[in-house]
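# Notes for the structure review
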Amino acid sequence: MEFAWLLLFVALGGLRGARGLQEVDVFPSRGGDIRDFTVAARWVYVVTGDYLYQLNHSLGLLHSLTQRGEYMASSIRFNRASEGGTSTFSVNTLAPLVERNLLFTCGALNSGYCETLNLTDITQIISGEDFELSPFVPKGISVGFVVDVNGKSYILAAAEGMNETRFGDYPKKSRIRLHNTHDGQVGKLLSVIDDRDSPEIVAHAHGVQFVDGFQIKSTIFIFSNLNYDAPKVRLLWFASKTSKTETLRSLRGATLVCCEGGKARQRLVSSSVIPGDQPVLWAGIFTDHDVTITELAVYDVSPPTEAVTYTDPDFGFKQEPWKGDVPITLRPRCVLLRHRFMTSVLAVKLNNWLIVFIGTGDGQLLKLTVDAKLQAQCLSVIWKAPDDRRVFPKMHLDPVGRKHVFVAVRDKLMRVPVSQCVQHSSLESCWNARDPYCGWCGALTRCSFEDECPSSLWLSVPDDLRQRRMLSHSFQEDAEGKIRLAVFTHLKRGGAPANFSCRFDSSVGVLGGLGHRYPECTCLLPPVIAGLRVSVTVSLGEVDVTEELNLLNCSGITGAPTPLLCSQCLAAGCGWSNGACTWTRSGALNMNVCFALQTGVNSLPEIFSITPSELSFYGKNNAVLTGRNLGHVIGVRLQGDLDCSAKEASVRLNTGASLTFHIPAGDKGRVEVCLLLRDGGCHGNASLTYLSAPVCASIAPDSTWASGKRKMNISGSNLEFVEEVTHSHTNQKVTFWKTDDGGSLKFESLATDRVPFSSSVTLRVANHTLACPTAIRYLPDPQFSAFHATPAPDHLLLTIILKRAEELQMAAVDLQVQGVQGGEDLDCDIREIDHRKGTDFIICVIQSSSDAEITAVKITYGVKTVLLEPPWSFMVFLIRLIIVILVGLTMWGCIYYYRPRLAAQLNMSTGDLEMYVWADIRQGCANRQTPRMLRAKKRKMQRRQQEARLAWYHSEVEPGGAKPPLESARSSQELPRAGPDPPRSYQRSPDVPPKPPPPRKPCN
């Protein structure tokens, strides 16, 4: 949530460094929300639950001090620890004493405890004391600040009473005391002793809440809420006397009543003294039990001057009796503002203006401009948080330059500029801002603060901020019937003196001036006025302001007294009197007089409803307004309470009974809506409420499968204003549903063809896009491998095995399981998903008889449905797989065993291969021969055998020896057998030449 808030804060321009705008400095603290902060000298001090910080005025961190450690009761010492620690020093009071360079911090540590620190470096701890200067409960409310009593500095501590008891004591009551600030005073440091006595103011009853306190000259002011019996707001005065006792005995009291003409608001939220001399003016925010309704009122809180003996009925010096005098009643001098959720106030004087800064409970910093008559004129927003973050009840003005306000919101301290003068690039833009801080510097020719324009003319806004034009004109008719043109300048001069002059150029020449004296100049008009064009140039030093006027004859503007005629008359500079347009200045010049001339009431436009009536401050496209008599409406005007400039929206579609228009962006709060006509009138009465922007805090789950359609939930606030949800990886629209409370938004993830990757999610509101801090991870689809059915007495228990779904973290809402029985689908109620490493087990129950047979299971996730076969099919598959594996292994073994023989055969010589080839060919030819051919071949073979024997005979007989007869050789058993060929080892006789081989005949 915090990260989302920072993203939106930057998107809204919270850290505005671009285009020359002054930045909003932010200090994000640690250790919880801010409990208190104060500004002293050159530093800012901030305390949270676990840390005390020292910052410079730009919110740069200088020093930090942990508030965790170990409290040593025996030595009354607090030993801080960088990590861990069993005790926490919960500070409730920060009291700087600049004159002695000290910072006092007091709060709860086992009991009441205070430390004295070096104001320049808070890490230098001077001393620690066991004193109940502020409540010892962590969330106790107290007021503590340094006061001057007869030239001596004391800490005035007004501590809220505690409901808890300490060491068995009775419940504590609220007390007001004066504590020493150094050891040289009686009783030493932080003591309340005064001449061996301990003076104090004690509340007579419980339920007192101190809100604020300060000192002006010799008077001390304390404001508190009394919550017992009838709630009321009390003011206590103390006069600075010669001692602590005399000062506390000078108690006087009053009751503040708020407010006139409405419901009593008897609870003070925040307050601020208004700078200035007598009378002492003070501003306070009041509310009742309904904290959303608040009022800002101004009181004269000057102390009474009459010297009378006074006993207060609610507070007494030590143990004085409860019954006392009736305090005086103070009523507000004026109510400046009625607004929702006001939580803090700071009043600042600027020349004749009173500038009131107001923090709200919905995270805004408002600036209210009040004139010298205490009339509120303009209300603007100078900072706003994207969500509803309550502004801390205390604010401080930056003492260096007085151009920034320190504002605390939860765990962040901000330094907000009081104005953005530099963003106005022209005199007209600077003037239209209606900001007393901004003026046009003649020497610099830009909009600036007054102190940035030394020794030069500085033109600022007029005393009446409701003036809409820098130059206005009117006509005067003198006793002789001559008409004069009077021009008024609504520019307030400041800085160096400057000359003032006017020039009137017309279509008939330069008109003679009758005199000029700031801020008015006049000229005499010729007899013929109708259609006369006059260019008026007003010179203030080096700055010229020119306006073109197209004059009309006031006497010629005639007709029935309608709003249109009245508006034309006043816009021309004429007066309206007795239902007619006139030259005289005695007539009404206020445009509101024209509204009283409305005739034909039934024909005026009326508003029935506006949809939506609540929206974020980004606005809304295509809003629909329904009503009656809408045919002549040309626009819609929206104006908040005390807005100096209204917003207008054009009509996009007009059916006569309804209008379609774009609601522009605005500030948080309620605005009034009326319908514009061509005569300038605005009619109808309705309202719209601007609320905070949607905040996307987180997305759950943060992952989805590739096929999409997983239901996901966005958590945050004000999500009912979201108009569109988009993914970064596609332009396809996302289907989503809103909840009634606006705290969540449901949508379906889109499909993708690539995994894994991450896709960011954005929300669209009107014309703005808001980013979610969580990106969606796309992962492969889950795999369902098998299921097992376990019968029970009245149901079936199914266990489904899910693979590759560890990161998906699937839940029961993601799945729909059905068991198939005889062609019928039975719903299976998912009871548990057991997430284990790498495997998930889905356990669901089918309400059916125990002997039911489930033939298959259907599992649906997103848009996909998976059908799982029965468990036996899975076993058959496993057996077949095992057989295939065994056959494969056997074949591989055979190949491995015969591989050497095959290699040897492959290594045979080419000759052997050729012999075998020819042998096969011969054998094939022999198989195809006829009996005749066989007999011929037999004879041939016998002939070859005989020749072989003869050759052998000649080679084997020794030379010179007797040769046996041929017949005996033929019959001898030693001759070799007839064969197809002689052995290769036989040698032929050298006398017998080799016989050439017969030619080979092809096989027929």
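Here the structure is a predicted model, which is why all the values come from computation and not from measurement.

## Structural notes on the overall build of the chain
Looking only at helices and strands, the chain has eight helices and 72 strands in total. Taking all 1004 residues of the chain together, the buried fraction comes to 45%. A fraction of 55% describes how many contacts in the chain between residues 6 or more apart in sequence connect residues 24 or more apart. Just so you have it, the chain exposes about 51,300 Å², and 52% of that area is on carbon and sulfur atoms.

## Focus: the pairing of strand β36 (residues 457-460)
Burial along β36 is two-sided: the face carrying L457 and L459 and the face carrying W458 and S460 are both buried. Relative to β36, strand β34 (residues 439-441) runs antiparallel, the two being bridged by two bridges. Within the sheet, the bridge partner assigned to W440 lies in β36 and is L459. Pairing of β36 with strand β39 (residues 492-495) involves four bridges; the strand directions are antiparallel. Counterpart to S460 in the pairing with β39 is K492.

## Observations regarding the sheet that holds strand β63 (residues 761-765)
What the three strands build is an open sheet, ordered β59-β63-β64; its pairing is antiparallel. Two strands in the sheet have a free side with no partner beyond their single neighbour: β59 (724-727) and β64 (768-771). The average undirected angle you get between the axes of adjacent strands in this sheet is 30°. Bridge analysis of β63 against β64 gives four bridges, and the strand direction is antiparallel. If you follow T762 over to β64, its bridge partner there is A771.

## Considerations on the state of the cysteines
As used in these notes, a disulfide is a covalent bond between sulfur atoms, one from each of two cysteines. One pass over the structure, following the stated rule, counts 12 disulfides. One disulfide bridge connects C430 with C447, the sulfur atoms lying 2.1 Å from each other. Handedness of the C430-C447 disulfide follows from its S-S torsion of about 60°: it is right-handed. Pair noted here: C430 is in helix α3 (residues 427-432) and C447 is in strand β35 (residues 446-448), with a separation of 17 residues, a long-range link. Free of any disulfide, C334 has its nearest neighbouring cysteine sulfur in C259, separated by 9.9 Å.

## Here we look at helix α4 (residues 563-571)
Given 3.6 residues per helical turn, the α-helix brings residues three or four places apart onto the same face. Looking only at α4, the buried set comprises P563, L565, C566, S567, C569 and L570. Elements in contact with the buried residues of α4: β46 (575-577) and β47 (580-582). Among the residues trailing α4, G573 stands out with phi positive, at a value near 90°.

## Comments concerning the pairing of strand β13 (residues 142-149)
Among the eight residues in β13, six count as buried, and that is most of the element. Bridging between β13 and strand β14 (residues 152-159) involves eight bridges; their strand directions are antiparallel. Note that in β14 the partner of F145 across the bridge is L156. The loop that links β13 with its antiparallel partner β14 comprises two residues; one of these, N150, has a positive phi angle of about 55°.

## Some thoughts on the packing of aromatic side chains
This structure, assessed with the given rule, holds 19 aromatic pairs. Taking 5.2 Å as the distance between ring centres and 85° as the angle between the ring planes, the aromatic pair formed by W705 and Y861 counts as edge-to-face. Residue W705 is located in strand β57 (residues 703-705), and its partner Y861 is located in strand β71 (residues 856-861); the two are separated by 156 residues in the primary sequence. Take W705: its relative accessible area is 0%, and that puts it in the buried class. Among the aromatic residues, ring-to-ring pairing joins F214, F221, F223, W282, F286 and Y299 into one connected group. Here the guanidinium or amino end of R493 rests over the ring plane of Y518, the centre of that ring lying 4.0 Å away.

## Brief notes about unusual backbone geometry
Residue A700 is joined to P701 through a cis peptide bond whose omega torsion reads -10°. Of note, P701 is situated in the loop between β56 (695-700) and β57. Following V755, the chain continues to P756 via a peptide bond in cis, the omega torsion being -10°. A positive phi is found at L374, a non-glycine position, where the angle reads about 60°. The residue L374 is located in the loop between β29 (364-370) and β30 (376-384) in this model. Judged by its relative accessible area of 17%, L374 is buried.

## Points about the nonpolar core
Core analysis: the biggest nonpolar cluster contains 72 residues, and F357, F475, L485, F504 and L525 have the highest contact counts within it. Sequence-distant contacts of L485, defined by excluding residues within four places in its chain, comprise H473, S474, F475, F504, C521, T522, C523, L525, V534 and L549.

## A look at the sheet that holds strand β33 (residues 412-417)
Strand order in the open sheet made by the four strands is β1-β33-β32-β31, with antiparallel pairing throughout. The sheet is open, and its two borders are formed by β1 (25-28) and β31 (396-397), each paired with just one other strand. Summarising the sheet, β31 and strand β32 (residues 404-409) pair through two bridges and their orientation is antiparallel. Paired with H396 across the strands is F406, a residue of β32.

## Let's talk about a positive patch on the surface
A surface patch of like charges, here positive, comprises R932, R935, K937, R939, K940 and R943. Relative to the helices and strands, R932 resides in helix α7 (residues 931-956).

## Here's the deal with the confidence of the model for the chain
Of all residues in the chain, 84% have pLDDT values of 70 or greater, and the mean over the chain is 83. Every residue in residues 162-170 is under pLDDT 50, and counting partners more than four places away or in other chains gives 16 contacts. Counting interchain partners and residues more than four positions distant, the pLDDT-below-50 stretch residues 966-989 has 21 contacts.

How each quantity is defined
- Residues numbered from 1 in each chain as written.
- Predicted model: local features only at pLDDT ≥ 70, side-chain atom pairs only at ≥ 80, totals over all residues.
- Heavy atoms only, no water.
- Helix = DSSP H or I, 4+ residues; strand = E, 2+ residues; numbered from the N terminus.
- Buried < 20%, exposed > 50% of the residue type's maximum accessible area, 1.4 Å probe, protein only.
- Contact = heavy atoms within 4.5 Å.
- Areas by Shrake-Rupley, 256 points an atom, 1.4 Å probe, with all protein chains shown as cover.
- Pairing = 2+ DSSP bridges.
- Axes fitted to C-alpha atoms, helices over the stretch in contact; angles between N-to-C directions.
- Disulfide = S-S within 2.5 Å.
- Phe/Tyr/Trp six-rings, centres within 6.5 Å; stacked < 30°, edge-to-face > 60°.
- Lys NZ or Arg CZ within 6 Å of the ring centre and 35° of its normal.
- Core = buried A, V, L, I, M, F, W, Y, C linked by side-chain atoms within 4.5 Å.
- Patch = residues over 30% accessible without salt bridge, like charges linked within 9 Å, V, L, I, M, F, W, Y side chains within 5 Å.
- Salt bridge = Lys/Arg side-chain N within 4 Å of Asp/Glu carboxyl O.
- Lys, Arg positive; Asp, Glu negative; His and termini not counted.
- Charge placed at Lys NZ, Arg CZ, Asp CG, Glu CD.
- pLDDT = per-residue confidence, 0-100.

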